[in-house]
Amino acid sequence: MRSGIAQFISGQLLTRYLVLVTLLKKYSIKAPAKLNIGLKITGQRPDGYHELISIMVPISLFDYLDFRLTSNNIKIICNGDYLVPADERNLAYRAAQDFFILAGINSQGLTIHLTKKIPVEAGLGGGSSDAAATLLALNNMFDHPLAFNELHNAAVRLGADVAFFLERSPCIAKGIGDILEPIRNWPRYWYVIITPKLNISTSWVYQSLNLKLTICKFGFIIDQLKRGKIDLNALMVNDLEPMVVSHFPLIGALKKALLKAGAIGALMSGSGSSVFGIFTSHEQAYEAKDALLSQQFGVVFVVECVHHS
Ligand code: ATP
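Residues numbered from 1 in each chain as written. Predicted model: local features only at pLDDT ≥ 70, side-chain atom pairs only at ≥ 80, totals over all residues. Heavy atoms only, no water.

1. Digging into the overall build of the chain
So, step 1. A tally of regular secondary structure across the chain gives eleven helices and ten strands.
So, step 2. Considering only contacts within the chain whose residues lie at least 6 apart along the sequence, 76% involve residues at least 24 apart.
So, step 3. Counting every atom, the chain has about 15200 Å² of accessible surface; 54% of that belongs to carbon and sulfur. (Helix = DSSP H or I, 4+ residues; strand = E, 2+ residues; numbered from the N terminus. Contact = heavy atoms within 4.5 Å. Areas by Shrake-Rupley, 256 points an atom, 1.4 Å probe, with all protein chains shown as cover.)

Here it is in structure tokens:
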């Protein structure tokens, strides 16, 4: 009997030991940017948040995050093409803090090397994606202490777009962006993105809106999308765009330039400043990129939709 208990205890200890030694001390993850293929504002909640319906697509433009467990505090080292704060103001930092609290992991040190390739305040969701990537990476490193719904709730608390980036798939986003329905049959397109040298603050855009709320038409379009019928012309509407164009006419000029370069549709992503055009062939997209680069509007990317990675 005693040897049975001893065996059981040593078995438990061995399992615990194996879990500890298999904890990943280093981990790397790519955080994709997103495009809003359509964005309709459908209401405003008493707390000020806007409710919306949006088609969101993760794309092949990435920030790179490398995690290393340490014995000190949480630290972010930031490099790459764009500068962001490397302290509590960084969403990846806040995501790590929240993860440790929720997972009951005390006094764990962590260094995050963040290589920023996604333009900042450009409507491409870089900060939100970095936060989601941090939640996913830490949950993997610590052998999944949080269930997906706990990660989802943590993501929603961090910011409206963070939950979308946990899905790693094109989605219909509703609510404040927290109710997500993956789109399984999103067609293959190439997207040419122009990011001009304008920083447009998301909160400024929402505060400046004077909206007529339109729900019905877009709801109908979403129903069609679910049945596999994709009408890009109907989808490519962004309720934030007219106000931004009225303050920044360059955004309107970028749309025209993309259409002239052969895009089948062009739209501002999120609250701007990036504008994208949709192309049905790789060759056309790269020809358009060359033509647009010569016009010196800003940075130009050719990307595709990315699914689970
Ligand atoms: P959104 O539309 O979700 O606001 P965006 O693409 O327009 O996204 P971000 O690039 O995510 O904007 O940056 C928005 C703000 O978030 C900036 O003021 C930036 O300083 C801050 N921020 C905090 N953490 C990060 C991060 N890891 N990467 C980029 N920005 C971050």
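2. Here's the deal with the site of the ligand
So, step 1. In the vicinity of the ligand there are 20 residues, among which Lys116, Gly125, Gly127, Asp130 and Thr202 approach most closely.
So, step 2. Contact distances for the ligand include 2.7 Å between an oxygen atom and a backbone N or O atom of glycine 125.
So, step 3. In this structure, a nitrogen atom belonging to the ligand sits 2.9 Å away from a side-chain N or O atom of aspartate 130.
So, step 4. In isolation the ligand exposes 610 Å². Once the protein is present, 82% of that is buried.
So, step 5. With four residues, the single largest contributor to the shell around the ligand is helix α3 (residues 126-141).
So, step 6. Residue composition of the shell around the ligand, grouped by class: eight nonpolar, seven polar and five charged. (Near = heavy atom within 4 Å. Polar contact = N/O pair within 3.5 Å; in protein donor to acceptor, adjacent residues only side chain to side chain. Nonpolar A, V, L, I, M, F, W, Y, C, P; charged D, E, K, R; others polar.)

3. Section: the pattern of salt bridges
So, step 1. With the rule as written, the count across this model stands at eight salt bridges.
So, step 2. We note a salt bridge from arginine 188 to glutamate 304, for which the minimum N-O separation is 2.6 Å. With a gap of 116 residues between them, arginine 188 in the loop between β6 (179-182) and β7 (190-196) and glutamate 304 in the segment after β10 (298-303) connect regions that are remote in the sequence.
So, step 3. With relative accessibility at 57%, the residue arginine 188 sits in the exposed group.
So, step 4. In this structure glutamate 304 comes out as partly exposed when scored by relative accessible area, which is 23%.
So, step 5. When salt bridges with common partners are traced through the structure, they connect Asp63, Lys116 and Asp130 into a single cluster. (Salt bridge = Lys/Arg side-chain N within 4 Å of Asp/Glu carboxyl O. Buried < 20%, exposed > 50% of the residue type's maximum accessible area, 1.4 Å probe, protein only.)

4. Considering the environment of valine 237
So, step 1. Tracing the backbone shows valine 237 in the loop between α8 (232-235) and α9 (241-247).
So, step 2. We classify valine 237 as partly exposed; its relative accessible area is 26%.
So, step 3. Here the alpha-carbon distance between valine 237 and leucine 39, two residues 198 residues apart in the chain, equals 6.2 Å.
So, step 4. Look past the residues within four positions of valine 237 in its chain and what remains in contact with it is Ile37, Gly38, Leu39, Lys40 and Leu267.

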